[in-house]
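Descriptive structure summary
Listed here are the chains, written in short residue letters.
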Amino acid sequence: MAGAAPITHDVLTIPRKIPGGLPNLIGMSRAEMRDALIEIGTPEKQAKMRVGQIWQWIYVWGMRDFDEMTNLSKDYRAKLSEHFAISLPEVVTRDVSNDGTRKYLVRIAGGHEVEVVYIPETDRGTLCISSQVGCTLTCSFCHTGTQKLVRNLTAGEIIGQVMLVRDDLGEWPEQGAPKDEQRLLSNIVLMGMGEPLYNFERVRDAMKIAMDPEGLSLSRRRITLSTSGVVPEIARTADEIGCMLAVSFHATTDDVRDTLVPINKKWNIEELLAALRAYPRLSNSERITFEYVMLDGVNDSDADAHRLVKLIDGIPAKINLIPFNEWPGAPYKRSSNNRIRAFADIIYNAGYASPIRKPRGEDIMAACGQLKSATERARKSRAEIARDAGV
Ligand code: SAH
Ligand code: SF4
């Protein structure tokens, strides 16, 4: 663990309740917003233009107040605020690591919490967002996997994570940020809590908002979705989202992958590879990222590295080696640096990029696979969760 000195831990209570339970404009697709505007009496002929105007205020300027939408009439603004909210999830805490990584604990409707991590680098800033509270899957090395699925996030809650971090970075023109500078938040990875392909429609809708050229305008190449291997949804991801794909591969035999990533029992390595082989063509993206967590004595031998290279033969790929991030009670140890380097060399010599992921934000437990909201205890039963949520 890194030294504790310059870390900050702020308890933030930014009240962001949606007044009166009004429908939230954030998270609606353009088509949904259009229907919603027509429903409150916007003439059909004007609806598309109104969506364009409101969309710009929200996603280009970062405005949250209808009153400031000065190209709309006063009466129309009043009507909008009567019927809609522009609202983000609540930020409960923000931790800043001594390497600049920021971890946010974010509260969503129902009182549940998810984590969001911002990782600044010299030429970019990557935001790691969550798609579910907890996860239905039980990968044995993953902290989130010890937490049962509580619920899927809505599209508004998913894109809301991007927006609230832009708020915190002061990156909206509304906050004085110059529009053409290199972006602080330039990349999104769906590598936080949850399995994004088990919440497909909402993740897709949120990423469409992120990619909208007249809004947040992030290129699809700057969005990476990580899946544990939900095979039937992979072709759909190419077709309906078209972002970059990462896959939690982690093993080179079905036996080992069955224990590490149990979804392998449903769709094994062979079936997964077939879906991955088709992805670059279907999505017109260059290559797939294979994530491979390095677990001491489990999946890190030279033989594993050679098998891995053979398995992915013909797939344009980069192999991202992730030193295991330990968490209290974890049943594995991180492979030694020498072992990781030897493994990386075999892959590199076979012609693949094999970067070793530098753990970031370790001092604030923000690293990959360590995310778990502090208030959700491990292995709660569904009944307990329902009781706590008051449902
Ligand atoms: N559910 C998706 C995305 C979230 S996990 C998935 O499984 O791909 C993001 C990445 O972190 C995955 O590759 C996951 O396998 C990895 N990961 C999980 N726990 C980890 C840990 N303790 N140390 C290192 N990587 C971990
Ligand atoms: Fe879920 Fe991904 Fe963790 Fe597996 S690694 S338990 S799929 S979040």
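Further up the page is the structure itself.
Predicted, not measured: the structure shown is a model, and the values here were computed from it. (Residues numbered from 1 in each chain as written. Chains lettered and ligands numbered in written order. Predicted model: local features only at pLDDT ≥ 70, side-chain atom pairs only at ≥ 80, totals over all residues. Heavy atoms only, no water.)

1. Quick look at the site of ligand 1
Formally: One heavy atom suffices: a residue is near a molecule or strand as soon as one of its heavy atoms comes within 4 Å of it. Side-chain atoms alone can form a polar contact between residues adjacent in sequence; in general such a contact is a pair of N or O atoms within 3.5 Å, and within protein one must be able to donate a hydrogen while the other accepts it. For the purposes of this entry, the term helix denotes a DSSP run of H or I that reaches at least four residues, the term strand denotes a run of E that reaches at least two, and both are numbered from the N terminus. Gly counts as polar in this scheme, as do all residues outside two lists: the nonpolar Ala, Val, Leu, Ile, Met, Phe, Trp, Tyr, Cys and Pro, and the charged Asp, Glu, Lys and Arg.
Neighbouring ligand 1 are 20 residues, the closest being Gly194, Ser226, Ser248, His250 and Asn325. Measuring from a nitrogen atom of ligand 1, one finds a backbone N or O atom of Gly194 at 2.9 Å. In the model, an oxygen atom of ligand 1 is placed 2.6 Å from a nitrogen or oxygen of the Ser248 side chain. Listed by contribution, the elements that provide at least two residues to the shell around ligand 1 are β9 (223–227) and β11 (288–294). Here the residues of the shell around ligand 1 are counted per class, giving nine nonpolar, nine polar and two charged.

2. A closer look at the packing of helix α9 (residues 302–311) against helix α10 (residues 337–349)
Condition: Fitted lines through C-alpha atoms give the axes, limited to the stretch in contact for helices. The angle between two N-to-C directions lies from 0 to 180 degrees. Comment on the angle field: the value is read as roughly parallel under 35 degrees, roughly antiparallel over 145, roughly perpendicular from 65 to 115, and oblique elsewhere. For any pair of crossing helices, the crossing counts as left-handed if the nearer helix is rotated counterclockwise from the farther one by less than a right angle, and right-handed if it is rotated clockwise. The contact definition used throughout considers only heavy atoms, calling two residues in contact when any of these lie within 4.5 Å.
Direction vectors running N to C along α9 and α10 enclose 30°, while the axes themselves pass 9 Å from each other. Between α9 and α10, the angle falls in the class roughly parallel. As α9 runs across α10, the sense of the crossing is right-handed. Where α9 abuts α10, its residues Asp302, Asp304, Ala305, His306, Leu308 and Val309 lie against Arg339, Ala342, Phe343, Ile346 and Ile347. When its residues are assigned to classes, the contact of α9 with α10 shows seven nonpolar, one polar and three charged.

3. Notes on the pairing of β11
Basically, it comes down to this: Relative accessible area decides the class of each residue, using a 1.4 Å probe on protein chains only: under 20% of the type maximum gives buried, over 50% gives exposed, and in between gives partly exposed. Paired strands, in this sense, are two strands between which DSSP finds at least two bridges.
Along β11, seven of the seven residues are buried, which leaves the element largely enclosed by surrounding structure. Looking at chain direction, strand β10 (residues 244–248) and β11 are connected through three bridges and run parallel. Considered in β11, the bridge of Val247 is made with Phe290. Pairing between β11 and strand β12 (residues 317–323): seven bridges, direction parallel. Along β12, the bridge assignment pairs Ile288 with Ala317.

4. Regarding the packing of aromatic side chains
We count it as follows: A pair of Phe, Tyr and Trp rings is counted when the ring centres sit within 6.5 Å of each other, with Trp represented by its six-membered ring. The angle between the planes then sorts it: under 30 degrees is stacked, over 60 is edge-to-face, the rest tilted. Placement of a positive charge over a ring is assigned whenever Lys NZ or Arg CZ falls within 6 Å of the ring centre and within 35 degrees of the normal to the ring plane.
According to the stated counting rule, one finds five aromatic pairs in the structure shown. With 4.8 Å between their ring centres and 50° between their planes, Trp55 and Tyr59 make a pair best called tilted. In this pair, Trp55 and Tyr59 are both assigned in helix α2 (residues 44–61), four residues apart and thus about one turn of the helix distant. Side by side, Trp55 and Tyr59 carry an identical accessibility label, which is buried. Residues Trp57 and Trp61 carry aromatic rings whose centres are separated by 6.4 Å and whose planes lie at 45° to one another, so their mutual orientation is tilted. With Trp57 and Trp61 both in helix α2 and four residues apart, the pair spans about one turn of that helix. You can call Trp61 partly exposed: its relative accessible area is 34%. When the ring centre of Trp172 is taken as reference, the NZ or CZ atom of Arg166 above it lies at 4.4 Å. Positioned above the aromatic ring of Phe249, the side-chain terminus of Arg257 is 5.6 Å from the ring centre.

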